[in-house]
There are 2 protein chains.
Amino acid sequence: MRSVCVVGLGLIGGSVLRAAVAAGRDVWGTAGSSADAQGAIAEGFTVLDVDAALRRAAEQDALVVVAVPLPAVDAVLRKVGDLAPENLLTDVVSVKGPVADAVAKYAPSTRFAGGHPMAGKSESGWQASTSTLFTDAAWVVTADEETALPAWREAAQLALDCGAGVVPTTTLEHDAAVARISHLPHVLAAVLGAVGADGGPLALALAAGSFSDGTRVAGSRPELVLAMCEGNRAALLDAVDEALGRLGAARGALASTGALGATVQAGHAGRVTFDAYRSAGRAQAMVDLTGPDPMEELRLVGARGGRVVGFDGDLAAVALPVLAD
Amino acid sequence: MRSVCVVGLGLIGGSVLRAAVAAGRDVWGTAGSSADAQGAIAEGFTVLDVDAALRRAAEQDALVVVAVPLPAVDAVLRKVGDLAPENLLTDVVSVKGPVADAVAKYAPSTRFAGGHPMAGKSESGWQASTSTLFTDAAWVVTADEETALPAWREAAQLALDCGAGVVPTTTLEHDAAVARISHLPHVLAAVLGAVGADGGPLALALAAGSFSDGTRVAGSRPELVLAMCEGNRAALLDAVDEALGRLGAARGALASTGALGATVQAGHAGRVTFDAYRSAGRAQAMVDLTGPDPMEELRLVGARGGRVVGFDGDLAAVALPVLAD
């Protein structure tokens with residue numbers, strides 16, 4: 001089993017370290033936060049300074065996992081370019097375009113496939129990390145035209161070892177999708193929180209489930225939300241424009257005829273479809289990775305809402321959703 | 001204890017019937033839905049046809065509670081105007097302006113104060129009703145310039161007997177507040193549900209907590225959401241315009257500087273204030289209902305986020321929020 005070097009030991013990096021160790025791999029980490037580093041050391045994990053960690057990665061041909069917030073990615077990748085320039089490389093950052101750009105700039109000879117585990121919780125830091133954070137979660141591993149299959153498999157195998165299912169898609173499609181289903185929800189929650197609070201104590205005293213659910217993520221730490229949303233600026237702009245178009249149409253309908261049917265029916269249909277995917281059955285299939293265009297085959301799995309759930313030699317076992325009638 | 005006639009035995013009306021019976025009152029109901037009527041009869045509650053129920057209300061000077069969806073309110077109030085024209089009257093409909101207008105038109109001699117219990121669940125109908133639905137909930141009883149204190153007290157006492165705390169406010173302020181914290185959340189959830197589903201299977205497969213929370217109420221029955229939102233058209237239009245302004249500002253910031261700080265910070269502050277009200281301590285106070293303008297005193301309680309929690313002769317016991325530092 002390939003050894004793993006995790007750079008950054010917060011909630012996500014710490015959970016990767018724990019899960020990879022639990023899977024039996026040789027794993028070490030490095031952390032910019034001394035609290036995170038001390039926490040990991042106190043529990044008996046191997047923590048080195050960043051230079052030593054990356055040198056060891058180069059010596060052992062380890063998979064390097066970048067698990068720092070987006071603003072710190074450039075600095076880490078400069079180090080990787082210096083000390084582990086041809087290593088296998090992945091990351092767990094929530095946007096993929098800016099990371100891919102930085103890899104091309106600072107560590108262009110690494111064997112890279114980007115990653116994004118769709119898991120989290122409201123606490124952050126090593127103390128919040130667990131080896132089971134990714135159990136049954138979706139974990140995107142980017143499958144672009146230029147992604148080499150061996151690098152993709154190494155990143156995907158780490159996700160599988162962490163208990164996740166692997167969703168293959170392109171960098172652009174990932175960023176567009178998470179703008180819709182992760183970053184736009186944060187923007188709309190912020191808008192709702194502000195409009196609600198503008199109603200003063202009476203409005204807040206009357207607020208119940210719909211307001212509470214609709215604003216929950218507005219309670220997240222603003223700096224984390226900003227790093228995530230601002231890091232996906234282009235795709236989020238498209239999603240916000242779609243939302244503005246739909247909200248403007250609702251406004252127009254309300255002002256003219258008073259009828260919100262089109263808005264409410266479309267939203268209901270979207271939620272019903274989402275529920276259908278969540279409760280879908282799973283059909284098993286195999287993708288032959290020796291075929292003419294295995295990356296395209298893998299991307300189709302992601303486009304259909306499916307996941308890679310394991311490897312058997314040159315076959316990838318995939319699970320595809322089967323919606324109830 | 002004054003007897004109570006509940007018109008409409010769905011989730012809310014059925015729960016009022018059960019709670020008022022549990023409080024020891026003489027209560028009977030009537031239902032347009034035979035399933036709701038049969039359900040209540042099967043459990044031993046008194047259910048009459050609508051004419052008989054309202055005639056009995058007139059004979060016993062009962063409090064009539066209108067608990068039908070907004071589109072059915074006019075027809076019920078015509079009956080009330082015919083058969084119980086001078087009765088005490090309240091309602092449990094989620095918008096207050098249209099109900100007040102209909103009362104003025106069809107049952108102008110009733111002793112009316114509008115009501116709105118801020119409680120619900122996703123199921124509907126008698127089968128979903130419970131005697132504890134309103135426990136600790138906020139229950140608005142409208143306190144307008146023209147509202148007579150005795151009528152207000154009767155409606156408020158029913159809310160108290162059902163286990164709720166009474167929030168006094170005007171019809172207009174109620175409708176503006178619920179537009180912000182109840183109806184706008186439904187519109188934004190619908191917008192988010194539609195934008196998310198437009199991302200196809202990939203986006204829905206990656207969607208997790210933020211999308212699920214943000215679209216939960218889009219799963220509600222569209223006809224109920226439409227009746228609620230369309231019935232509060234004018235106030236909802238104002239709230240949607242505020243949301244459009246804030247979302248447009250976010251869009252502009254994203255397009256120009258890429259910085260969402262103002263949006264995210266305002267939303268975070270709103271959510272933190274909401275949480276502060278939810279976890280606030282309560283200071284007890286008394287309002288003397290024999291003072292020069294008791295309705296204004298009561299409205300101030302609502303404006304401060306407080307509730308009437310009981311009556312002691314001509315004193316109203318109120319609980320006012322005390323925010324932690």
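About the cut-offs
- Residues numbered from 1 in each chain as written.
- Chains lettered and ligands numbered in written order.
- Predicted model: local features only at pLDDT ≥ 70, side-chain atom pairs only at ≥ 80, totals over all residues.
- Heavy atoms only, no water.
- UniProt positions renumbered as here; feature names shortened; annotations may be inferred.
- Helix = DSSP H or I, 4+ residues; strand = E, 2+ residues; numbered from the N terminus.
- Rg over C-alpha atoms; globule rule 2.2 N^0.38 Å.
- Buried < 20%, exposed > 50% of the residue type's maximum accessible area, 1.4 Å probe, protein only.
- Areas by Shrake-Rupley, 256 points an atom, 1.4 Å probe, with all protein chains shown as cover.
- Lys, Arg positive; Asp, Glu negative; His and termini not counted.
- Charge placed at Lys NZ, Arg CZ, Asp CG, Glu CD.
- Pairing = 2+ DSSP bridges.
- Right-handed = clockwise from strand over helix to strand, strands pointing away.
- Contact = heavy atoms within 4.5 Å.
- Axes fitted to C-alpha atoms, helices over the stretch in contact; angles between N-to-C directions.
- Core = buried A, V, L, I, M, F, W, Y, C linked by side-chain atoms within 4.5 Å.
- Domains from an automatic or database assignment.
- Buried area = accessible area lost by both parts, 1.4 Å probe.
- Salt bridge = Lys/Arg side-chain N within 4 Å of Asp/Glu carboxyl O.

The name given to chain A in an unreviewed UniProt entry is Prephenate dehydrogenase, with Actinokineospora terrae as the source organism. Turning to chain A, the UniProt record has this under Sequence similarities (unreviewed entry): "Belongs to the prephenate/arogenate dehydrogenase family."

J.: Describe the overall build of chain A, listing the residues and the values that go with them.
T.: In terms of helices and strands, chain A carries 13 helices and 11 strands. For chain A, whose C-alpha radius of gyration is 21 Å, the value lies close to the compact-globule estimate of 20 Å for 325 residues. Sorting the 325 residues of chain A into buried and exposed places 57% on the buried side. On chain A, roughly 12400 Å² of surface is accessible, and the fraction owed to carbon and sulfur atoms is 52%. Considering chain A, the positive charge centre built from 24 side chains and the negative charge centre built from 36 side chains are found 4 Å apart.

J.: For the pairing of strand β8 (residues 165–169) of chain B, give the residues involved together with the corresponding values.
T.: All names here are of chain B. Buried residues dominate β8, accounting for five of its five residues. Of the two faces of β8, the one holding G165, V167 and T169 and the one holding V166 and P168 are both buried throughout. As defined by bridge partners, strand β7 (residues 138–142) adjoins β8 across five bridges and the pair is classed as parallel. The partner of T142 across the bridge, within β8, is T169. Tracing the backbone out of β7, into helix α6 (residues 149–161) and back to the parallel element β8 gives a crossover that is right-handed.

J.: So what about unusual backbone geometry? Which residues, and what values?
T.: Of note in the backbone geometry, D61(A) takes a positive phi value of approximately 50 degrees without being a glycine. Among the structural elements, D61(A) can be located in the loop between α3 (50–60) and β3 (63–66). Positive phi outside glycine occurs at D136(B), with the angle close to 65 degrees. If you trace the backbone, D136(B) turns up in the loop between β6 (115–117) and β7.

J.: Go over the sheet that holds strand β2 (residues 27–30) of chain B, please, and point to the residues and values.
T.: All names here are of chain B. Within the open sheet, the five strands sit side by side as β2-β1-β3-β4-β5. Their pairing is parallel. Either end of the sheet is taken by a strand with one partner, and the two such strands are β2 and β5 (111–112). Pairing of strand β1 (residues 4–7) with β2, which is carried by four bridges, proceeds in the parallel orientation. Within β2, the residue paired with V7 across the bridge is T30. Of the strands in this sheet, β1 and β2 touch helix α1 (residues 11–22), which is tilted by about 165 degrees from β2. In the packing of helix α4 (residues 73–83) onto the sheet, the strands contacted are β1, β3 (63–66) and β4 (88–91), and the crossing angle to β3 comes to about 160 degrees.

J.: Outline the sheet that holds strand β2 (residues 27–30) of chain A, supporting the account with residue identities and numerical values.
T.: All names here are of chain A. If you trace the five strands from one edge of the open sheet to the other, you get β2-β1-β3-β4-β5, paired in parallel fashion. The sheet is open, and its two edges are formed by β2 and β5 (111–112), each paired on a single side. Along the sheet, α3 makes contact with β1 (4–7), β2 and β3, crossing β2 at roughly 150 degrees. With respect to the sheet, helix α4 (residues 73–83) is in contact with β1, β3 and β4 (88–91), its orientation differing from that of β3 by roughly 160 degrees.

J.: So what's going on with the nonpolar core? Which residues, and what values?
T.: L206(A), L247(A), L260(A), L206(B), L247(B) and L260(B) are the most contacted members of the largest nonpolar core, which has 75 residues in total. Not counting residues up to four positions away in its chain, the partners in contact with L247(B) are V187(A), L188(A), V191(A), V240(A), A243(A), L244(A) and L247(A).

J.: Any details on the domain arrangement of chain A? Residues and values, ideally.
T.: Residues and elements named next belong to chain A. For chain A, the domain assignment lists domain 1 (4–169) and domain 2 (174–259). Computed from C-alpha coordinates alone, the two centres of domain 1 and domain 2 are separated by 31 Å. In this complex, domain 1 contributes 11 residues to the contact, which on the side of domain 2 involves 10 residues. Buried surface at the junction of domain 1 and domain 2, summed over both partners, amounts to about 760 Å²; 64% is from carbon and sulfur atoms.

J.: With reference to specific residues and values, describe the UniProt feature "domain: Prephenate/arogenate dehydrogenase" (unreviewed entry) in chain A.
T.: In the UniProt entry, the feature "domain: Prephenate/arogenate dehydrogenase" (unreviewed entry) is given for residues 2–285 of chain A. Taken end to end, residues 2–285 of chain A is 56% helix and 13% strand, and its two terminal C-alpha atoms sit 27 Å from one another.

J.: Let's hear about the interface of chain A and chain B: which residues, and what values?
T.: Residue-level contacts link 87 residues of chain A with 88 residues of chain B. Roughly 7900 Å² of surface becomes buried between chain A and chain B when both sides are summed, with 73% attributable to carbon and sulfur atoms. Taken together, the links from chain A to chain B amount to six salt bridges. Between R251(B) and D241(A) there is a salt bridge, and its shortest N-O distance comes to 2.6 Å.

J.: Go over the environment of D288(B), please, and point to the residues and values.
T.: Residue and element names in this part refer to chain B. Residue placement: D288 occurs in strand β9 (residues 281–288). As a C-alpha pair, D288 and D314 span 26 residues in sequence and 6.2 Å in three-dimensional space. The residues contacting D288, other than those within four sequence positions of it, are P294, D314 and L315.

J.: Outline the pattern of salt bridges, supporting the account with residue identities and numerical values.
T.: All told, the structure shown has 36 salt bridges over all chains when counted by the stated rule. Notably, a salt bridge pairs R278(A) with D275(A), separated by 3.1 Å at the nearest N-O pair. Separated by three residues within a single helix, R278(A) and D275(A) lie in helix α12 (residues 261–278), roughly one turn from each other. Under the relative-accessibility criterion, D275(A) is labelled partly exposed at 29%. With its nearest N and O atoms 2.8 Å apart, the salt bridge here joins R180(B) to E242(B). Separated by 62 residues along the polypeptide, R180(B) in helix α7 (residues 171–197) and E242(B) in helix α11 (residues 233–256) bring together distant segments of the chain. Overall, the relative accessible area of 15% leaves R180(B) in the buried class.

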